[in-house]
Amino acid sequence: NAGVTQTPKFQVLKTGQSMTLQCAQDMNHNSMYWYRQDPGMGLRLIYYSASEGTTDKGEVPNGYNVSRLNKREFSLRLESAAPSQTSVYFCASSEAGGPWGNTIYFGEGSWLTVV
Amino acid sequence: GQSLEQPSEVTAVEGAIVQINCTYQTSGFYGLSWYQQHDGGAPTFLSYNALDGLEETGRFSSFLSRSDSYGYLLLQELQMKDSASYFCAVRRDDKIIFGKGTRLHILP
């Protein structure tokens with residue numbers, strides 16, 4: 001039972017380079033999320049997708065773009081990486097609503113360093 | 001908007017009981033959730049309270065008071081493996097927003 005799978009797990013980028021973080025879930029969830037985690041800052045929402053075909057900005061969207069490719073996949077793109085984007089990135093998914101919509105399942109994280 | 005406040009660190013002794021508090025301000029409220037995260041790992045779901053009162057799951061309990069915009073996570077019979085960060089979270093519309101987390105240190 002894979003759950004939420006994200007790749008790559010580790011990546012080093014040079015300033016200005018671009019890259020895409022991939023995420024897929026096999027739980028048939030409607031909602032998917034991208035968070036970043038920095039020391040002392042908790043988990044901050046970058047973008048989310050409430051359902052296939054929709055995406056919305058979260059708390060810290062600047063410098064990122066997302067694509068909800070289909071119900072399973074939600075990718076995060078850094079067009080021109082900056083050192084401030086050095087962080088751990090988590091993809092997550094959940095049911096759309098009701099009490100189960102409050103439980104989200106996380107991928108294992110992607111450690112990104114921008115030099 | 002929404003904000004969640006929780007202590008940054010808490011220290012307790014193995015075998016004891018510890019309470020981690022969370023206060024929230026949010027327009028629109030669907031319930032309070034708690035997540036656990038060990039170093040180097042991903043957050044995992046612990047509990048969810050939609051209504052006032054106490055929810056118990058083994059050694060862990062979670063409490064919610066909607067009138068006070070306040071909740072807490074109670075950990076009993078602390079074990080060294082409970083050393084982790086704990087996050088409260090609220091759902092607003094289609095978004096789930098997290099607090100900054102409480103680092104729990106457990107002393108032998």
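Residues numbered from 1 in each chain as written. Chains lettered and ligands numbered in written order. Predicted model: local features only at pLDDT ≥ 70, side-chain atom pairs only at ≥ 80, totals over all residues. Heavy atoms only, no water.

Student: It is not clear to me how the interface of chain B and chain A should be interpreted in this structure. Could you clarify?
Tutor: Interface extent is often summarised as the accessible area lost during association of the parts. Each side of the interface is counted separately: chain B has 20 residues, and chain A has 26 residues. Interface area for chain B against chain A, summed over the two sides, is near 1700 Å², with a carbon-plus-sulfur share of 59%. For the chain B face of the interface with chain A, the top three residues by lost area are Arg91, Ile96 and Phe98 of chain B, together amounting to 28%. Put simply, chain B and chain A have 0 salt bridges between them. (Contact = heavy atoms within 4.5 Å. Buried area = accessible area lost by both parts, 1.4 Å probe. Salt bridge = Lys/Arg side-chain N within 4 Å of Asp/Glu carboxyl O.)

Student: Help me understand the environment of Leu78 of chain A in this model?
Tutor: Residue and element names in this part refer to chain A. Following the sequence through the fold, Leu78 ends up in strand 8 (residues 74-78). Spatially, the C-alpha atoms of Leu78 and Leu112 are 11 Å apart, while their sequence positions differ by 34 residues. Residues contacting Leu78, with those up to four places away along its chain left out, are Gln17, Ser18, Met19, Gly63, Tyr64, Gln85, Tyr89 and Leu112. (Helix = DSSP H or I, 4+ residues; strand = E, 2+ residues; numbered from the N terminus.)

Student: I'm lost on the packing of aromatic side chains in this one. Help?
Tutor: In this description, a pair of aromatic rings is defined by centroid distance and the angle of the planes. Counted according to the given criterion, the structure contains 14 aromatic pairs over all chains. Where Tyr35 of chain A meets Phe98 of chain B, the ring centres are 5.3 Å apart and the plane angle is 85°; that geometry is what we call edge-to-face. You can see Tyr35 of chain A sitting in strand 4 (residues 31-38) and its partner Phe98 of chain B sitting in strand 10 (residues 95-98), one on each of two chains. The class for Tyr35 of chain A is buried, based on a relative accessible area of 0%. Among the aromatic side chains, those forming a connected cluster through ring pairs are Tyr33, Tyr35, Phe90 and Phe106 of chain A together with Tyr35, Phe45, Phe87 and Phe98 of chain B. (Phe/Tyr/Trp six-rings, centres within 6.5 Å; stacked < 30°, edge-to-face > 60°. Buried < 20%, exposed > 50% of the residue type's maximum accessible area, 1.4 Å probe, protein only.)

Student: It is not clear to me how the pattern of salt bridges should be interpreted in this structure. Could you clarify?
Tutor: Side-chain pairing between opposite charges can occur once the charged atoms of the two side chains come close. Within the structure shown, the criterion is met by 6 salt bridges over all chains. The shortest N-O distance in the salt bridge between Arg59 of chain B and Asp82 of chain B comes to 2.7 Å. Pair noted here: Arg59 of chain B is in the loop between strand 6 (53-57) and strand 7 (60-65) and Asp82 of chain B is in the loop between strand 8 (70-75) and strand 9 (84-92), with a separation of 23 residues, a long-range link. We note that Arg59 of chain B, like Asp82 of chain B, is buried. Overlapping salt bridges bring together Arg36, Asp38 and Arg44 of chain A as one network.

Student: Help me out: how do you make sense of the state of the cysteines in this one?
Tutor: Note on terminology: a disulfide is the covalent bond linking the sulfur atoms of two cysteines. All names here are of chain A. In total, this model carries 2 disulfides over all chains according to the counting rule given. Paired through a disulfide, Cys23 and Cys91 show a sulfur-sulfur distance of 1.9 Å. One disulfide, between Cys23 and Cys91, carries an S-S torsion of -75° and so falls in the left-handed class. Linking Cys23 in strand 3 (residues 19-25) with Cys91 in strand 9 (residues 87-94), this pair joins segments that are 68 residues apart in sequence. (Disulfide = S-S within 2.5 Å.)

Student: In this structure, what is going on with the pairing of strand 7 (residues 64-68) of chain A? I would like to understand it.
Tutor: Side-chain direction in a regular strand flips from residue to residue, so the side chains alternate between the two faces of the sheet. Residue and element names in this part refer to chain A. Across the two faces of strand 7 the burial differs, with Tyr64, Val66 and Arg68 buried and Asn65 and Ser67 not buried at all. In this structure, strand 7 lies alongside strand 8, joined through 5 bridges in antiparallel fashion. Of the residues in strand 8, the one forming a bridge with Ser67 is Ser75. What sits between strand 7 and strand 8 in their antiparallel hairpin is a turn of 5 residues. (Pairing = 2+ DSSP bridges.)

Just distances and angles here, no functional claims.
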